[in-house]
Amino acid sequence: MTENTENQDNAGGDTWAGGDIRAVWAARKGRSGGAAFERRRTAPARRPAVPAARQAPAAPPESSEPPEPPAEPEARATVVVDPGYDLTMTVTALRRGSGDPTFRRAADNSLWLGCRTPSGEPGTLRLCRVTTETVDAEAWGPGAPWLLKTLPDLLGLCDTEEVRAEFAELVASQGNPQLIQSLRRNRGFRVMRSGRVWDSLVPAVLEQRVTVQEAHRAYQLLVRRYGIPAPGAPADVRLCVSPSPREWALIPSWEWHRAGVDGKRSRAVLGAARVAARLEETVGMERDEAARRIRTVPGIGVWTAAEVMHRAHGDADAVSVGDLHLPRIVCGALGEPRMTWNDDRMLELLEPYRGHRYRVSALLYR
């Protein structure tokens, strides 16, 4: 469509053939109108500018020189594992998408984790599978001693050989072919326990009622903007530590909106921030009592609590009831091909595996 913006003189004054009345007003006030106004009016709306990272390390300039080595670690440890152990498969339960700024995989296949300890101290952890029977760990920052102290649990060594043998016998006795095959393919998988409730809670809250892609984008945007550079990590890794509970609570409402987080989820994070220390205490509590305390925060329900329980507490039985896809996957694998799937039916099919229900769902997801 074209618009005639030529000015025509007549006895009645200035008229604009086919023009918008707003363009006439703009022209009479000395502002641009006519075609210029039409271009503005018909131009596609621009997406709001995404704020750049405020404190996250910038991408290093391209150079032919080798990347700068990391600073000398403040603490080191070597952990013995069995030859079938899979480091990446186990620890990546903590990763929130391939762009997670708190979890990076370097070119040498080492894993870099930016962590916030239960006391609030930041720390950096580098994990590398040096031999088939050992994992080397290096740590930086104020949280380094705590990270190495809890390293065996993070690597899934709390998931003992006896427990896994018991589960393997249970799977064999039930005779489900899909689960048997998945167990064979993923023998290196372990149920890990990070011991860091807050670092697992915030991304779980952001994943409520939205797609995984939306949740990961929001988490990554907010962490890059309000997190801090991971201590000791080289610039080319671009590793961050998630904000502390207080720092999450101070994020302005418009920044939540720009990240695509609705008020219900942001209020749940703010409510959890007020009792963050009490939530961290749940790691040492009995499983059911720990889940109950987590659910006392408004906006945190069964699904979110289960997501925290199997990551931070190493709970091999936590079932993410309310998940959009899990009932379909579990019912499709353990039930009849054309059966109706829902949470109730999923729990019924998982009942023979009680004590290992998260382990079953994790294997069926893979």
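Criteria and cut-off values
Residues numbered from 1 in each chain as written. Predicted model: local features only at pLDDT ≥ 70, side-chain atom pairs only at ≥ 80, totals over all residues. Heavy atoms only, no water. Helix = DSSP H or I, 4+ residues; strand = E, 2+ residues; numbered from the N terminus. Buried < 20%, exposed > 50% of the residue type's maximum accessible area, 1.4 Å probe, protein only. Contact = heavy atoms within 4.5 Å. Areas by Shrake-Rupley, 256 points an atom, 1.4 Å probe, with all protein chains shown as cover. 1 Å grid on protein atoms, 1.4 Å probe; cavity = no way out; pocket = protein on both sides within 12 Å on 5 of 7 lines; lining within 4 Å. Points joined across faces, edges and corners; volume = space filled by probe spheres on them. Nonpolar A, V, L, I, M, F, W, Y, C, P; charged D, E, K, R; others polar. Axes fitted to C-alpha atoms, helices over the stretch in contact; angles between N-to-C directions. Parallel < 35°, antiparallel > 145°, perpendicular 65-115°, else oblique. Pairing = 2+ DSSP bridges.

In this section: the overall build of the protein chain. The helix and strand inventory of the protein chain stands at 18 helices and nine strands. Scored against the burial criterion, the 366 residues of the protein chain give a buried share of 47%. Across the protein chain, every contact between residues at least 6 apart in sequence was considered, and the portion connecting residues at least 24 apart equals 66%. Surface exposure of the protein chain reaches about 19,200 Å², of which carbon and sulfur atoms provide 51%.

Quantified by volume, the largest pocket comes out at close to 1,100 Å³. What lines the largest pocket is a set of 35 residues, among which Glu-207, Glu-307, Arg-311, Asp-323 and Tyr-365 lie closest to the centre. For the lining of the largest pocket, the secondary-structure elements that each account for two or more residues are α9 (212-226), α15 (302-312) and α18 (357-365). For the lining of the largest pocket, the element with the most residues is α15, which contributes six residues. Class assignment of the residues belonging to the lining of the largest pocket gives a composition of 15 nonpolar, 12 polar and eight charged.

The interhelical angle for the contact between helix α6 (residues 161-174) and α18, taken along N-to-C directions, is 70°, at an axis separation of 12 Å. For the element pair α6 / α18, the angle class is roughly perpendicular. Contacts between α6 and α18 involve Val-163, Arg-164 and Phe-167 from the former and Arg-359, Val-360 and Leu-363 from the latter. For the contact of α6 with α18, a count of residues per class yields four nonpolar, no polar and two charged.

Once that is clear, we can look at the sheet that holds strand β4 (residues 103-105). Note on sheets: strands pair through backbone hydrogen bonds, and any given pair is parallel or antiparallel. Pairing in this open sheet of five strands is antiparallel, and the strands run β3-β7-β6-β5-β4 from one edge to the other. In this open sheet, the two strands that pair with only one neighbour each are β3 (75-80) and β4. Between one strand axis and the next, the sheet turns by 20° as a mean value, whatever way the strands run.

Using a probe with the size of a water molecule, rolled over the atoms, empty space left in the structure can be pinpointed. One pass over the structure, following the stated rule, counts three cavities of 30 Å³ or more. As a volume, the largest cavity reaches approximately 160 Å³. Leu-94, Thr-102, Arg-196, Asp-199 and Tyr-219 are, among the 15 residues lining the largest cavity, the residues nearest its centre. Elements that contribute at least two residues to the lining of the largest cavity include exactly β5 (111-116) and α8 (197-206). When the residues that make up the lining of the largest cavity are grouped by side-chain class, the tally is six nonpolar, four polar and five charged. When its volume is computed, the second largest cavity comes out at roughly 40 Å³. Forming the boundary of the second largest cavity are Cys-115, Trp-146, Leu-147, Thr-150, Leu-154, Ser-194 and Arg-196. For the lining of the second largest cavity, a count of residues per class yields four nonpolar, two polar and one charged.

Time to look at the pairing of β5. Within β5, six of the six residues are buried, leaving the element largely enclosed by the surrounding structure. Of the two faces of β5, the one holding Leu-111, Leu-113 and Cys-115 and the one holding Trp-112, Gly-114 and Arg-116 are both buried throughout. The pairing of β4 with β5 spans three bridges and is antiparallel. Residue pairing in the sheet places Arg-105 in a bridge with Leu-111 of β5. Between β4 and β5, which pair antiparallel one after the other, the connecting turn spans five residues, and Asn-109 there sits at a positive phi close to 70°. Hairpin connection from β5 to strand β6 (residues 122-131): five residues lie between these consecutive antiparallel strands, with Gly-120 at a positive phi of about 95°.

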